[in-house]
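What follows is each chain in one-letter form.
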Amino acid sequence: MSAPAPSPDLARARGRADGIPAALVGLVAVTAGCLWALGAVHRPDLAGQAPAWFWGTIVALWLAAWWVTDRLAKAVPPTPGARRVLDLMVPLLFGAFLIFLWEIVTVGAGVPMVLMPPPSAIGARLAQSLPTLAEDFGQTVLRAVIPGWALGSGLGIAIALLCDRVPFLRRGLMPIGNFVSALPMIGIAPIMVMWFGFDWQSKVAVVVVMTFFPALVNTVAGLSASGALERDLMRSYAADWATTLLKLRLPSAMPFVFNALKINSTLALIGAIVAEFFGTPILGMGFRISTEVGRMSLDMVWAEIAVAAVTGSVFYGLLALAERRVTFWHPSYRRR
Amino acid sequence: MTTEAALPSGPARSGARGGGRTVSAVLFGGRTGPVLVIVAAILALWYAACLPMNAGLPSMPTEGDLATRYQAAWALERPVLPSPHQILMELRVSTCGRLPSDQPFWSAFFSCEIRWTPRNLLFHAWTTLSSTLVGFLMGGLLGIVLAVLIVHMKTLEKSLMPWIIASQTVPILAVAPIVIVVLGSLGITGLLPKSIISAYLCFFPVTIGMVKGLTSPHPIDLDLMRTYDASVWATFWKLRWPAALPFLFASLKVAIAISLVGAIVGELPTGAQAGLGARLLTGSYYGQTVQIWAALIAAAALAALAVAAVGLAERITVAALGGRR
Amino acid sequence: MVEAARAKTVPAPAGDGATGIAADRAKAAAPVVTARGLSLTFQTNDGPVYALKDVDLDIAAGEFVSLIGPSGCGKTTLLRVIADLEQATAGTIRVNGLDPDAARRQRQYGYVFQAPGLFPWRTVEKNVMLPLEIFGLPAAERRARAAKNLELVNLKGFEKKYPWQLSGGMQQRASIARALSFDPALLLMDEPFGALDEIVRDKLNGQLLALWAATGKTVVFVTHSIPEAVFLSTKIVVMSPRPGRIIDVIDCDFPRDRTLDIRETPEFLAVAHRVREGLRAGHSYDD
């Protein structure tokens, strides 16, 4: 396909779109260079003893990659679609290049596996240990994180509604809730393990306690987020508490509730994983991380962390999607 | 007829009703009253729960009336749920040593002689606090520097910022054991690895808060600086930095709280040498519930102190800037 | 012309005084609002603020009454007392012969605020149907009334839009449709066009006048614009601040089908002059 070269005037009129073709050519070159380096660094004569000229090439590749990223980041794409592609492409390329550097440095300099395994080894380990990883995922995420997150957040929202109904509770619980939100709640993990045993029940308990307060505090804040004018309007309709809640205050609290749900998704994963450091049956992501670290098989630890990272991102991403659908009206999402 | 939402509308009419303040009005209507009532309720519930929670223990008497059974439940060596005064006593004993027996109880309770040994809870608290603070300083500075770079370099904004946001969704604490073990095998132990975990945890909120803060000036303000032909440097110090300060302090409060979490979790994989995290872990190994609770209270106190300190710094700064906000 | 909305399905039957307003405006002498010695004092940290002091006011059915005065003169507070959004600290007030609280519970008035106050998560149509949902009208009836009232304010075709997709003037028109949707005999409007530009405001004033002529509702209208008050009203109540009280009540008997052109006539200017004099007197009294 031959892209017709835009006339200089037109390119100027479109902004800095003229930078894009050059950057794309550079991108192809850098990619080719990276692929070559990836192949070369695993050759026996290079791995662990890469000579100076190889590192020089890598530095050159780095500079070239920076130039390409710089060009792409500053380019003003001609269409909104192209801009979306660029906005996605730049960070992806950046991340890919970081992983490339990780691989090259660990393999080329012969970094011992017990210090920092290369991504290729982590990937291989991940592919090999899929059944184990899946079991750990089931134990930690499906049995502890998700039930605990749902229970803790739901309880927090429910108590927030109660606080809304009973002003005494609000005045009494809110300062405590705000205070507790700043505490290292993860510390209750050993107590919960003692109370509820080694299995998933104690992890659920930890997650419930950790997610309860953010849900409570955010929901209460959200319930007072509706404007005075809107509340006067409901009053002029002589609307009762339930109607006002349903028609006005819950909808306007939704951005706050989703904020809590998103914060809680991360907290829940952290809570369940760290609670497993205090004792589990021979299963679970936190258990695997702590034991494999003890056995110095860091590739397995990294594989587990990769699973945790993907889980966290997907969990968060799904919530963000739901938020976008529910609070489409919020100024940050509006499209005319 | 329907009940109505009791919502405040219009200006507050404080004192409109006037009259004497009854006891119930103070307890249920004021600001601190309800908090005290709730705290008292929690304590009462706690004491009440001690018996059912501990009833299954072999050391509990199965006979006798409720009073003696409760007394036993509140004084167990290794209870499932220790009573609040047991925890208070543990805090006293683990910081100031055993009570001297030759004095009346209360004067003995408050006479304190601190021995700086690894058995002292204050020693562990200080261990955790020092790595928390070092990590907080490193992470805070890193966060600010990154934010300044991101705001001024479009390439970084486009390439790095999405990753910083995405990494918020990842359970970063899971990496803590690796940091400890890898640095340990390189011969780096003690305070630094824990501080690195803390720094790693707390630079994220600072970066994100500061990027928000540094870009918070209104376009009109930036245009004004342009009409003065102000340099990037001048725009930064005269406009962006002051505008970012409220955001900075808000994110520093979050940062120091999770810096403490990082330090505590960082103390877990090293096999429990020193620090509040170590106390939690040994307590959990040996079933020393009272010790766990005492460490937990100490951690809570540290968190409250640290957040309050940041709050104080915020007030001083805001006052120095003319008390805006 | 648009047919007056006379549907009888509004859930709360109006009080004794409120029926048959449109039937015969000429002898519509039954008072819709009566205030006697009305006072409202806010206690603030800087001492008491006298928002209203000894206000006596009668509003008859079918009238278009404007409350005018500088900001802080209590005109909005008076409207809010009529609506039971604020409670007087002294004096009596009756709305359709009822306590304001009872009148509000019977949904006897529609209130239009300074800002549209439309819920951003509801479409324009759903916003208009909001009070009808709260009052428990059946769905078909709700839809019919929303359609009718949106047409009344010239918003036909925008039913499925969200409020933030409309201009400020359209949003305010939607909020008027919302207030009209349950056909209250009394319309309370608090500077509804204050945030709009002059041109849009003129246009909406014309439309409001037509609406009032067609429906025969009683309107209480807060404004700080002299031309707006004189153009719209049958009666102008001039107020002054600190303490908020009534200085002058001016009758204004231009024909009901007046157009914007009357603002150039000597009669119009004379009334406007008297309003201005009243406002000035109120001020000198205070300063």
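Reading guide: rules and limits
- Residues numbered from 1 in each chain as written.
- Chains lettered and ligands numbered in written order.
- Predicted model: local features only at pLDDT ≥ 70, side-chain atom pairs only at ≥ 80, totals over all residues.
- Heavy atoms only, no water.
- UniProt positions renumbered as here; feature names shortened; annotations may be inferred.
- Pairing = 2+ DSSP bridges.
- Helix = DSSP H or I, 4+ residues; strand = E, 2+ residues; numbered from the N terminus.
- Axes fitted to C-alpha atoms, helices over the stretch in contact; angles between N-to-C directions.
- Salt bridge = Lys/Arg side-chain N within 4 Å of Asp/Glu carboxyl O.
- Buried < 20%, exposed > 50% of the residue type's maximum accessible area, 1.4 Å probe, protein only.
- Contact = heavy atoms within 4.5 Å.
- Buried area = accessible area lost by both parts, 1.4 Å probe.
- Polar contact = N/O pair within 3.5 Å; in protein donor to acceptor, adjacent residues only side chain to side chain.
- Nonpolar A, V, L, I, M, F, W, Y, C, P; charged D, E, K, R; others polar.

- Chain B goes by ABC transporter permease in an unreviewed UniProt entry, where it is assigned to Prosthecodimorpha hirschii.
- UniProt's Sequence similarities (unreviewed entry) comment on chain B is quoted here verbatim: "Belongs to the binding-protein-dependent transport system permease family."
- The Subcellular location (unreviewed entry) field of the UniProt record for chain B holds the comment "Cell membrane".

1. So, the sheet that holds strand 1 (residues 31-44) of chain C
Residues and elements named next belong to chain C.
And then number 1: Taken in spatial order, the three strands of this open sheet run 2-1-4, and their pairing is antiparallel. At either margin of the open sheet sits one strand with a lone partner, and together these are strand 2 (47-60) and strand 4 (90-95). Here the average twist between neighbouring strands, direction ignored, is 20 degrees.

2. Quick word on the pattern of salt bridges
And then number 1: Tallied over the entire structure, the rule returns 26 salt bridges over all chains.
And then number 2: A salt bridge links A:Arg295 to A:Glu292, with the nearest nitrogen and oxygen atoms 3.6 Å apart.
And then number 3: By relative accessible area, which is 5% here, A:Glu292 ends up buried.
And then number 4: One connected set of salt bridges, linked through shared partners, spans A:Arg235, C:Asp84, C:Asp101, C:Arg104 and C:Arg105.

3. A short note on the UniProt feature "transmembrane region" (unreviewed entry) in chain B
All names here are of chain B.
And then number 1: When the UniProt feature table is mapped to this numbering, "transmembrane region" (unreviewed entry) covers residues 23-49, 125-151, 163-184, 196-215, 243-265 and 290-313.
And then number 2: From the first C-alpha to the last, residues 125-151 spans 38 Å; its make-up is 100% helix and 0% strand.
And then number 3: Measuring from the first to the last C-alpha atom of residues 196-215 gives 28 Å, for a span that is 95% helix and 0% strand.

4. Observations regarding the environment of C:Ile82
Residue and element names in this part refer to chain C.
And then number 1: Inspection of the secondary structure puts isoleucine 82 in helix 1 (residues 75-82).
And then number 2: According to the relative accessible area criterion, isoleucine 82 is buried, its value standing at 1%.
And then number 3: Those residues in contact with isoleucine 82 that sit more than four places away from it in its chain are Val33, Ile93, Val95, Pro100 and Leu188.

5. What about the interface of chain B and chain A?
And then number 1: Across the contact, 62 residues belong to chain B and 59 residues belong to chain A.
And then number 2: Of the roughly 5100 Å² buried at the junction of chain B and chain A (both faces included), carbon and sulfur atoms supply 79%.
And then number 3: Across the contact surface, chain B and chain A share zero salt bridges.
And then number 4: Our count for the chain B to chain A interface comes out at one residue pair in polar contact (both at pLDDT 80 or more).
And then number 5: Only helix 1 (23-29), helix 2 (32-54), helix 7 (154-159), helix 8 (161-167), helix 9 (176-185), helix 12 (232-266), helix 13 (276-286) and helix 14 (289-320) of chain B provide two or more residues apiece to the side of chain B that touches chain A.
And then number 6: Top contributing element to the side of chain B that touches chain A by residue count: helix 14 of chain B, with nine residues.
And then number 7: Residue composition of the side of chain B that touches chain A, by class: 44 nonpolar, 14 polar and four charged.

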